[in-house]
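The residues making up each chain are set out below.
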Amino acid sequence: MEKRHTFSIVDLMRLCIKHIFVILSGAVIGGLLFYLISAFLIKPQYESKAELYIFNPDNIITNSGVDAYDLAAAQKMADTYIAILTGSTVMDQIRQRARDHYTMSALDEMMRLDTSYGKKELTNRSLLACFTVEKVNATEVLRITAKTNSPVFSVELCQWMVELAIDQIPKIIGKGSVRDVGGSSYPLEPSEPNLAENTIVGLGVGGSLSIFILWVVWYFDRKITTKEKLIQKTGTVILGEIPKI
């Protein structure tokens, strides 16, 4: 039975050094391909951010600041506020505002619509995919992020949620309240795709794929080109070699 090739790290290094130009070419092709895909095929996405400060109107402000108990309570209520902002009540109103301001074809250009019902529709689920609402570390501040294919629409979504948060949370919670901190940011450049990062990934993928292909070719190569391969295939001992003249 024919013996399989044995392979070691040293063999891999020799293979890479021998075919270094093939590997570099593969890396360049991979980087160029990833760059072209990112630059021309992937729609750029823009992020708008806003922050809300959670506070209690009944806080007692002393010389030492807000009572620590009220701050802890505000931090714990943040999860409840997030649930309200991402719930159906707020999403329904944002969806209605979007429909009032834009046609369905315009919305299709700016975000990914829901296709679960056989045609493209603006649903709460598709809107929710545009938002991220999270606590800022262990503070009583909530950060709202809206991401779409349009910088203007991202700002509008972010601002609509801020307005609804200020209006709806006191009505639902009763005691707690929120305050806008600085308004919604306008994205001057896309957050995705990252051309530099994707190009570097493409370089790595192209180089790695080239090495893998070289290894596969080497592994299944049945030609005897070296003394080592002759020993592996035949299991014989070489008593002598004819030198090149």
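Scoring rules and cut-offs
Residues numbered from 1 in each chain as written. Predicted model: local features only at pLDDT ≥ 70, side-chain atom pairs only at ≥ 80, totals over all residues. Heavy atoms only, no water. Helix = DSSP H or I, 4+ residues; strand = E, 2+ residues; numbered from the N terminus. Contact = heavy atoms within 4.5 Å. Axes fitted to C-alpha atoms, helices over the stretch in contact; angles between N-to-C directions. Parallel < 35°, antiparallel > 145°, perpendicular 65-115°, else oblique. Left-handed = near helix turned anticlockwise from the far one by under 90°. Nonpolar A, V, L, I, M, F, W, Y, C, P; charged D, E, K, R; others polar. pLDDT = per-residue confidence, 0-100. Core = buried A, V, L, I, M, F, W, Y, C linked by side-chain atoms within 4.5 Å. Buried < 20%, exposed > 50% of the residue type's maximum accessible area, 1.4 Å probe, protein only. Salt bridge = Lys/Arg side-chain N within 4 Å of Asp/Glu carboxyl O. Pairing = 2+ DSSP bridges. Phe/Tyr/Trp six-rings, centres within 6.5 Å; stacked < 30°, edge-to-face > 60°.

Draft legend 1. Structural context of the environment of A146. Here A146 lies in strand β5 (residues 141-148). Sequence spacing of A146 and Q45 is 101 residues, and the spatial spacing of their C-alpha atoms is 10.0 Å. Beyond its immediate chain neighbours, meaning those up to four positions away, A146 contacts Y46, E47, S48, C130, F131, S154, L157 and C158.

Draft legend 2. Examining the packing of helix α4 (residues 88-101) against helix α7 (residues 151-173) more closely. At a closest axis distance of 10 Å, the pairing of α4 and α7 adopts a crossing angle of 135°. One way to sum up the angle between α4 and α7 is to call them oblique. Here the hand of the crossing between α4 and α7 comes out right-handed. In contact with T89, V90, M91, Q93, I94, R97, A98 and H101 of α4, α7 contributes F153, L157, W160, M161, E163, L164 and Q168. Among the residues making up the contact of α4 with α7, the classes are represented as 9 nonpolar, 4 polar and 2 charged.

Draft legend 3. Geometry of the confidence of the model for the chain. When pLDDT is averaged along the chain, the result is 85, and 79% of the positions lie at 70 or above. The low-confidence segment residues 60-64, where pLDDT is below 50, has 5 contacts with residues more than four positions distant or belonging to other chains.

Draft legend 4. Quick peek at the nonpolar core. L85, I94, I144 and L157 are the most contacted members of the largest nonpolar core, which totals 34 residues. Looking at this core, the elements that each hand over two or more residues are β1 (46-55), α3 (68-85), α4, α5 (104-110), β4 (131-135), β5 and α7. Looking at this core element by element, the count peaks at 9 residues for α7. The residues contacting I144, other than those within four sequence positions of it, are S48, K49, A50, L52, L85, F131, T132, V133, C158, M161 and V162.

Draft legend 5. Representation of the pattern of salt bridges. All told, the structure shown has 12 salt bridges when counted by the stated rule. When the shortest N-O distance is used, the salt bridge between E163 and R97 registers 2.8 Å. Of this pair, E163 sits in helix α7 while R97 sits in helix α4, and the two are 66 residues apart along the sequence. Given the relative accessible area of 36%, E163 is considered partly exposed. The salt bridge involving D108 is made with K120; its shortest N-O contact spans 3.0 Å. With D108 in helix α5 and K120 in the loop between α5 and α6 (124-128), this residue pair connects regions lying 12 residues apart in the sequence.

Draft legend 6. Highlighting the sheet that holds β1. Ordered by their spatial adjacency, 4 strands build an open sheet running β4-β5-β1-β6, and the pairing between neighbours is antiparallel. The open sheet is flanked by β4 and β6 (177-181), the only strands paired with a single partner. The mean angle between the axes of side-by-side strands here comes to 25°, regardless of whether they run parallel or antiparallel.

Draft legend 7. Representation of the packing of aromatic side chains within the structure. What the rule picks out here adds up to 3 aromatic pairs. With a centroid separation of 5.3 Å and an interplanar angle of 80°, the aromatic rings of Y102 and F153 are classed as edge-to-face. Here F153 lies in helix α7 and Y102 lies in the loop between α4 and α5, a separation of 51 residues in the sequence. Under the relative-accessibility criterion, F153 is labelled buried at 0%.

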